[in-house]
Amino acid sequence: MFLKKTADVGEKNGVAYLNGKVKFQGVSLNVYSYSMDGVLIDTGSQSLHKFFEDFIAETDFDQVMISHFHEDHTGCAAYIEKTKNLPIFLNEKTIDYCTKRADYPMYRKLFWGSRKPFQAKAMPRMFSSRNATWDVIDTPGHSHDHKVFLNRNTGQLFTGDLFVSERTKVLLAEESIPEIIHSLERVLTYDFQDVFCSHAGFLKDGRTALERKRDYLLSIQREVLTLFEEGYMAEEIRNKLFPKKYPIVKFSGGEWDALHIVTSILNEKT
């Protein structure tokens, strides 16, 4: 079983990054880790540990902030715990989960590896780095423990998996479109410009990109509810609004599917 693994490193507006990539049977996935002002944001995946561990070893930081518990963000946290005497912060809702062996589907282990257990501290509502004060903003929707980080001094926002893409076409089963909309609206009340996404990378004019995503999701929500009121069932709505079939749907056994976009909207209605 051959996975192609690559990575690139760089710097943008004072933020250092590593972008690790995995490709297998037509499915390509990537994930970023960022560092600025002594803060490491997310740790990459275990499957790409040779890249992320080098980045971690060469990067000067005092603390680790993890946006959420998913394995492509927590994969090298155990390496940090083993090699550096530094605090790792995570939403308290998933601290206990991360102290145990990885428990998620095999296809995710294929792409992201098996996340090793690690110990984390409860994420504060705000924190200080060497030269800045940061807000920690609750942003559930992609996962129930998701948070984003805003550097008040620079106006740079690190959004984890809140953004990913402007036009969502498939969704993880546990995600919720209404919650993502609420989270985007909450974040847009803050003052920021630069956005650093864990999958899309740096977003020039990030505020506008988040506004476009919110507006797109609101339009999808309206269309789903309108079709439902007209008598269409969830799968029929999926087929009308999202006719294209993406490889990740079959590969994940349906854990990723546009159907979850529809059902998450209808579930809130009922």
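All of these numbers come straight from a predicted model, not from anything done at the bench.

## Comments concerning helix α10 (residues 259–269)
Because an α-helix packs 3.6 residues into every turn, residues spaced three or four apart end up facing the same way.
Phase 1 of the analysis: Three or more residues of α10 are buried, namely Leu259, His260, Ile261, Val262, Ser264, Ile265 and Leu266.
Phase 2 of the analysis: Those residues of α10 that are buried are in contact with β12 (171–172), α6 (177–187), α7 (206–229), α8 (234–241) and β15 (256–257).

## Quick look at α7
Phase 1 of the analysis: Between its first and last C-alpha atoms α7 spans 35 Å; for 24 residues at 1.5 Å apiece the expected length is 34 Å, and the two agree.
Phase 2 of the analysis: Residues Gly206, Arg207, Ala209, Leu210, Lys213, Tyr216, Leu217, Ile220, Gln221, Val224 and Leu227 constitute the buried set of α7.
Phase 3 of the analysis: Contact partners of the buried residues in α7: β11 (156–158), α6, β13 (195–197), β14 (201–203), α8 and α10.

## So, the sheet that holds strand β5 (residues 63–65)
Phase 1 of the analysis: Read across the sheet, seven strands follow the order β1-β2-β3-β4-β5-β6-β7 without closing on themselves; strand pairing throughout is mixed. The sheet is open, and its two edges are formed by β1 (4–12) and β7 (121–122), each paired on a single side.
Phase 2 of the analysis: Looking at chain direction, strand β2 (residues 15–24) and strand β3 (residues 27–36) are connected through nine bridges and run antiparallel. Note on β3: the bridge partner recorded for Phe24 is Val27.

## Concerning the packing of aromatic side chains
The relative placement of two aromatic rings is captured by the distance of their centres and the angle of their planes.
Phase 1 of the analysis: Applying the stated rule across the entire model yields 13 aromatic pairs.
Phase 2 of the analysis: Taking the centre distance of 5.1 Å and the plane angle of 80° together, the rings of Phe69 and Tyr97 count as edge-to-face. Linking Phe69 in the loop between β5 and α2 (71–74) with Tyr97 in helix α4 (residues 95–98), this pair joins segments that are 28 residues apart in sequence.
Phase 3 of the analysis: Given the relative accessible area of 11%, Phe69 is considered buried.

## Observations concerning the environment of Ala258
Phase 1 of the analysis: As for its placement among the helices and strands, Ala258 is situated in the loop between β15 and α10.
Phase 2 of the analysis: Among the residues examined, Ala258 registers a relative accessible area of 4% and is labelled buried.
Phase 3 of the analysis: Residues Ala258 and Glu235, spaced 23 residues apart in sequence, show a C-alpha to C-alpha distance of 9.2 Å.
Phase 4 of the analysis: If we ignore the near neighbours within four places in the chain, the residues touching Ala258 are Lys169, Val170, Leu171, Arg238 and Phe242.

## Describing the packing of α7 against α10
Phase 1 of the analysis: Where α7 contacts α10, the two axes come as close as 10 Å, and the packing angle between them is 70°. With respect to α10, the element α7 is oriented roughly perpendicular. Here Ile220, Gln221, Val224, Leu225, Phe228 and Glu229 of α7 lie close against α10, whose contacting residues are Ile261, Val262, Ile265, Leu266, Glu268 and Lys269.
Phase 2 of the analysis: In terms of residue class, the contact of α7 with α10 is made up of eight nonpolar, one polar and three charged.

Reading the values: rules and limits
- Think of each chain on its own: its residues are numbered from 1, step by step along the sequence as written.
- Per-residue local features of the predicted model are confined to residues with pLDDT of at least 70, and side-chain atom pairs are confined, for both listing and counting, to 80 or more; whole-chain, interface and lining totals are unaffected and use all residues.
- To get the side-chain values, all heavy atoms of the structure are used, and hydrogens and water are removed first.
- Working definition: with a 1.4 Å probe on protein chains only, accessible area under 20% of the residue-type maximum means buried, over 50% means exposed, and in between means partly exposed.
- Strands here are runs of E lasting at least two residues and helices are runs of H or I lasting at least four, both read from the DSSP assignment and numbered beginning at the N terminus.
- In what follows, a contact means two residues having at least one pair of non-hydrogen atoms within 4.5 Å.
- Working rule for helices: expected span equals 1.5 Å times residues minus one.
- Should DSSP find at least two bridges between two strands, the strands are regarded as paired.
- Between rings of Phe, Tyr and Trp, where Trp is taken as its six-membered ring, a pair exists when centres lie within 6.5 Å; planes separated by under 30 degrees are stacked, by over 60 edge-to-face, and by other angles tilted.
- Note on definitions: angles span 0 to 180 degrees between N-to-C directions of axes, and those axes are lines fitted to C-alpha atoms, for helices only across the stretch in contact.
- Oblique is the label for any angle not under 35 degrees, not over 145, and not in the 65 to 115 range, which are roughly parallel, roughly antiparallel and roughly perpendicular in turn.
- Following the grouping adopted for this structure description, the nonpolar residues are Ala, Val, Leu, Ile, Met, Phe, Trp, Tyr, Cys and Pro, the charged ones are Asp, Glu, Lys and Arg, and the polar ones are all others, Gly among them.

All quantities given are derived from atomic positions and should not be read as evidence of function.
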